[in-house]
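Reading the structure
Letter by letter, the chains look like this.
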Amino acid sequence: MSNIGSYEERVKNFSWDIAKEVLDWKDGELLNIGAICSDRVCGMGKGSKPALIWEGFGGRSARYTFDDLKVYSNAFAGFLREQGMEPGDRICIFMDKIPSLYFSFLGILKIGAIVQPLFSAFGEESLEVRLASAETKAILTTVKHVKKVRKIRERLPHLEKVVVVDGNPDRLKGDEIFFDVEKYPAIKEFDVYRSDSETPSVLHYTSGTTGQPKGALHVHNSIWGQALTANWVLDLRDDDIYWCTADPGWVTGTSYGIIGPWSLGVTQCVLDSGFTSARWYQFIQDNKVSVWYSAPTAIRALMKDGGELVKKYDLSSLRHLASVGEPLNPEAVIWSGEVFGGLKFHDTFWQTETGAIMISNYPGMEIKPGSMGKPFPGIEASVLDLETHEPLTEPGKVGLIAFRPGWPSMFRQYWKRPDIYRSKFVGAREDAMPDELRTDKSLWYVSGDRASIDADGYFWFVGRDDDVINTGGHLVGPFEIESALVEHEAIAEAAAVGKPDKVNMEVVKAFVTLKPGYEPSEELELDIMNFIRKKLSPLAMPQEIEYVEKLPKTRSGKIVRRYLRALEWGEEVGDLSTLSDE
Ligand code: WT7
């Protein structure tokens, strides 16, 4: 597993088969992510190597080897199969970053089922729409979160099993099932489902401007993209102690908080406790973290607490830093270089849909602070003219970020929404099916972001091409927030947009119009906030509600969020002539 090799050389000599060589994987071997990340690592003589170093709230901690990972994921697999779960069934994991999340993730894949990780902070409504959409058959959760499941259960006819993996079995209600992974009879060798490259693996829900969130479906073949980028971009090596700060409710936490690193047999740390800068530095010091993958929001929060705090800790174990999720400010890159002994955060760009890193500051390549870097070897990336959708050749011109289909970790469909999948490809035939689209090299997959490319081939992020709000690296669809708001008796119409925030880049702001008979007041605002709090995740909660007489709309009646957004950002509002004033 050598990471030596220049970017240019690697681009020139690239083939995805190199990923197989990196894992020493031979054609005909079992392609199952659950098994590759545990059983296979053990089979290579690393069974007693630490796989997971875990710390939770209140000083709780635990360590697990790859042997443990194998046995405990086998336990989940055995139990779920016993419960009648079958290949292709959607099984949701809804818990904090506790060890059972990681074991069950691999266990679900081992039986060929589809794992649907959902962020544990989701409120009932966010949870319900995603479970209903996926027709999820079982949910694995904890005492802390099962209450939310109880409230929506009767509206989810497909949800056959509710499994609680901690606490006291006597406290369960109805047909809820208790499962204690440590007490389950150890299965040394599990009969893993014979998945192949196109067997569905992970279903991540992601938000767009309109409609409910969509389920981006991945397949076991994604592992090649995740393993090779973890090796080449995150620079993971056998003796690293790696920390990915993301929650597996989001794609970073699965692609690079589970699959990439463990497929390479790398030791990972997980910190399941609230953020403070001191706690994070302590965690790096105590565990001798060498590679750290985090997000701009966190880096900005660390910056706020200053460089003096950093000096109180021994962070000399750090070797490589990377970031994802939002634009990484040039100041953050420069600051990290100053306070972490010359180490600069390497920005990486990708999406739930791409499954793995697409554009990045490659180790060894000169970093231009503020740029996302260059496409990963084997990835053909471009920016397309906003109108004609032709690739732009002029350096510095802003267009749509687009990729040629066909990379291994590309999503295979939006769950049951071939129409939306198709709409992401420029030049697609109207009746083209997902399987044709994802392999058609004459098409472009469009990410929904805008960027420019400079004369050296570096990509510079400009902004989203839609109304999706990126708050602290998490995408929030305005539709979900607006739907929750208009359920309140006083609200006639609502529009949610991002407003600037020092740490989170954007936070949600809602504009509302009231129904006749209601008057704006602080009391009403409080009442509205309390009303939606239970429905949404804390991320999606508006930080501010502004009452307006009317919302800006197009002639066809669509709310023009970009107008409200521009006002918040103090930007040019643009041409309003297409708006109606009705
Ligand atoms: C969207 C994808 C993929 C990891 C987590 C987010 C934005 C992502 C960057 C970056 C500027 C970025 C884009 C993208 N984004 N990385 N380095 N610079 N923006 O996954 O929830 O699917 O969000 O996050 O807007 O489309 P996601």
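Residues numbered from 1 in each chain as written. Predicted model: local features only at pLDDT ≥ 70, side-chain atom pairs only at ≥ 80, totals over all residues. Heavy atoms only, no water.

Quick look at the pairing of strand β14 (residues 345–349) now. Extensive coverage of β14 is indicated by the burial of five of its five residues. Alternating residues of β14 divide into Phe-345, Asp-347 and Phe-349 and His-346 and Thr-348, and every residue in both groups is buried. Examined bridge by bridge, strand β13 (residues 320–324) and β14 share four bridges and lie parallel to one another. Within β14, the residue paired with Ala-322 across the bridge is His-346. Handedness of the β13-helix α14 (residues 330–339)-β14 crossover: right-handed. Here two bridges tie β14 to strand β15 (residues 359–360), and the two strands are oriented antiparallel to one another. What sits directly across from Thr-348, in β15, is Ser-360. (Buried < 20%, exposed > 50% of the residue type's maximum accessible area, 1.4 Å probe, protein only. Helix = DSSP H or I, 4+ residues; strand = E, 2+ residues; numbered from the N terminus. Pairing = 2+ DSSP bridges. Right-handed = clockwise from strand over helix to strand, strands pointing away.)

A positive phi is found at Glu-135, a non-glycine position, where the angle reads about 50°. Here Glu-135 falls in the partly exposed class, since its relative accessible area comes to 29%. Residues other than glycine seldom take positive phi values, yet Lys-416 does so here, at roughly 55°. Tracing the backbone shows Lys-416 in the loop between β19 (413–414) and α15 (418–423).

Attention shifts here to the sheet that holds strand β25 (residues 491–501). The strand order across the open sheet built from three strands is β25-β26-β27, with neighbouring strands paired in mixed fashion. The open sheet has two edge strands with one neighbour each: β25 and β27 (544–547). With strand direction ignored, the average angle separating the axes of adjacent strands in the sheet is 25°. As judged from the four bridges shared by strand β26 (residues 505–514) and β27, these two strands associate in the parallel manner. Residue pairing for β27: Phe-511 is matched across the bridge by Glu-546. Lying on the sheet, helix α18 (residues 522–533) is in contact with β25, β26 and β27; it crosses β27 at an angle near 130°. (Axes fitted to C-alpha atoms, helices over the stretch in contact; angles between N-to-C directions. Contact = heavy atoms within 4.5 Å.)

When a protein is soluble and globular, its nonpolar side chains tend to lie buried together. Grouped together as the largest cluster of nonpolar side chains are 107 residues, with contacts concentrated most on Trp-262 and Phe-403. Looking at which element gives the most residues to this core, the answer is helix α5 (residues 66–82), with eight residues. Both of domain 1 (7–360) and domain 2 (380–456) provide at least three residues apiece to this core. For Trp-262, the residues in contact, after removing those within four places along its chain, are Ile-36, Cys-37, Val-41, Ala-51, Leu-52, Phe-66, Leu-69, Tyr-102, Leu-106 and Gln-268. Among the nonpolar cores identified, the runner-up in size contains 28 residues, and Trp-292, Ala-298, Val-333 and Trp-335 belong to it. (Core = buried A, V, L, I, M, F, W, Y, C linked by side-chain atoms within 4.5 Å. Domains from an automatic or database assignment.)

A few words on empty space enclosed by the protein. Across all of its chains, the model carries two cavities of 30 Å³ or more by this definition. What the largest cavity holds in volume is close to 40 Å³. Surrounding the largest cavity, Val-202, His-204, His-218, Ser-222, Gln-226, Val-251, Thr-254, Ser-255 and Ile-259 form its lining. The set of elements that each furnish at least two residues to the lining of the largest cavity consists of β8 (200–206) and α10 (251–263). When residues in the lining of the largest cavity are grouped by element, the largest group, four residues, is from α10. The class makeup of the residues in the lining of the largest cavity is three nonpolar, six polar and no charged. Considered as a void within the structure, the second largest cavity measures approximately 30 Å³ in volume. Lining the second largest cavity, in full, are Leu-328, Val-333, Phe-345, His-346, Asp-347, Asn-361, Ile-367, Lys-368, Pro-369, Gly-370 and Ser-371. When residues of the lining of the second largest cavity are assigned to their parent elements, the largest contribution, three residues, is made by β14. The class makeup of the residues in the lining of the second largest cavity is five nonpolar, four polar and two charged. (1 Å grid on protein atoms, 1.4 Å probe; cavity = no way out; pocket = protein on both sides within 12 Å on 5 of 7 lines; lining within 4 Å. Points joined across faces, edges and corners; volume = space filled by probe spheres on them. Nonpolar A, V, L, I, M, F, W, Y, C, P; charged D, E, K, R; others polar.)

Right, let's get into the pattern of salt bridges. Under the counting rule described, the total for this entry stands at 45 salt bridges. Linking Glu-29 and Arg-40 is a salt bridge whose minimum nitrogen-to-oxygen distance equals 2.8 Å. You can see Glu-29 sitting in the loop between α2 (17–22) and α3 (33–36) and its partner Arg-40 sitting in helix α4 (residues 39–46), a full eleven residues away along the chain. Judged by relative accessible area, which is 30%, Glu-29 ranks as partly exposed. The exposure class assigned to Arg-40 is buried, which follows from its relative accessible area of 14%. The salt bridge involving Lys-151 is made with Glu-124; its shortest N-O contact spans 3.7 Å. You can see Lys-151 sitting in helix α8 (residues 143–152) and its partner Glu-124 sitting in helix α7 (residues 124–134), a full 27 residues away along the chain. In this structure Lys-151 comes out as partly exposed when scored by relative accessible area, which is 47%. When salt bridges with common partners are traced through the structure, they connect Lys-499, Lys-509, Glu-544, Glu-546 and Glu-568 into a single cluster. (Salt bridge = Lys/Arg side-chain N within 4 Å of Asp/Glu carboxyl O.)

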